[in-house]
Amino acid sequence: MSDLYGGGIKELAAADSAATSLPYPDYSVSIDNPFCGDRVDLEVTVTDGRITGLAREVRGCMLCQASANALVESAVGLTADEVETVAERLRVMLKGKKNLDWP
């Protein structure tokens, strides 16, 4: 189990530089995991079709915190379509496929 938290997961989970809320978000969503009780609240601002602000509040495990921080660090500046492309590639990777054709 300790291998699960290697490879930078601890550092990414501890990188607590993201805001927990935005003053005037365009969108917000709360995601609950009914199996373990984790919860992530996201707030997003969008300007001209691009994400310009992203805040998160996490009440969950280290993996949940690391995932939310990775999202905040990588999604600002992207369009919704670009975020969906990354999410789909991640889903494919998690299913064990090797050829992802990353840009």
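These numbers come from a predicted model, not from an experiment.

Calculation notes
Residues numbered from 1 in each chain as written. Predicted model: local features only at pLDDT ≥ 70, side-chain atom pairs only at ≥ 80, totals over all residues. Heavy atoms only, no water. Core = buried A, V, L, I, M, F, W, Y, C linked by side-chain atoms within 4.5 Å. Buried < 20%, exposed > 50% of the residue type's maximum accessible area, 1.4 Å probe, protein only. Helix = DSSP H or I, 4+ residues; strand = E, 2+ residues; numbered from the N terminus. Contact = heavy atoms within 4.5 Å. Pairing = 2+ DSSP bridges.

Participant: It is not clear to me how the nonpolar core should be interpreted in this structure. Could you clarify?
Facilitator: One recurring pattern in soluble globular proteins: nonpolar side chains tend to sit buried together. Membership of the largest hydrophobic core is limited to six residues, which are Ala18, Val44, Ile51, Leu54, Val72 and Ala75. For this core, the elements supplying multiple residues, two or more each, are strand E3 (50-59) and helix H2 (62-75). Contact partners of Leu54, with chain neighbours within four places excluded, come to Leu22, Glu43, Val44, Leu71, Val72, Ala75 and Val76. Residues Val40, Leu42, Val58 and Cys64 belong to the second largest nonpolar core, which totals five residues.

Participant: Can you walk me through unusual backbone geometry in this structure?
Facilitator: For residues other than glycine, phi is negative in most cases, and the peptide bonds are mostly trans. Backbone geometry at Asp48 places phi at a positive 50°, although glycine is not the residue there. Topologically, Asp48 is positioned in the loop between strand E2 (39-47) and E3.

Participant: Is there a simple way to think about the environment of Asp16 in this case?
Facilitator: With respect to the secondary-structure elements, Asp16 resides in the loop between helix H1 (9-14) and strand E1 (27-32). Sequence-wise, Asp16 and Asn69 are 53 residues apart; in three dimensions their C-alpha atoms are separated by 7.4 Å.

Participant: How should I be thinking about the pairing of E3 in this particular structure?
Facilitator: Look at any regular strand and the pattern is simple: side chains alternate between the two faces of the sheet. Of the pairings in the sheet, the one linking E2 to E3 comprises nine bridges and is antiparallel in character. Across the sheet, the residue bridging to Leu42 is Arg56, located in E3. Linking two consecutive strands that pair antiparallel, namely E2 and E3, is a turn of two residues; a positive phi of about 50° is found at Asp48 within it.

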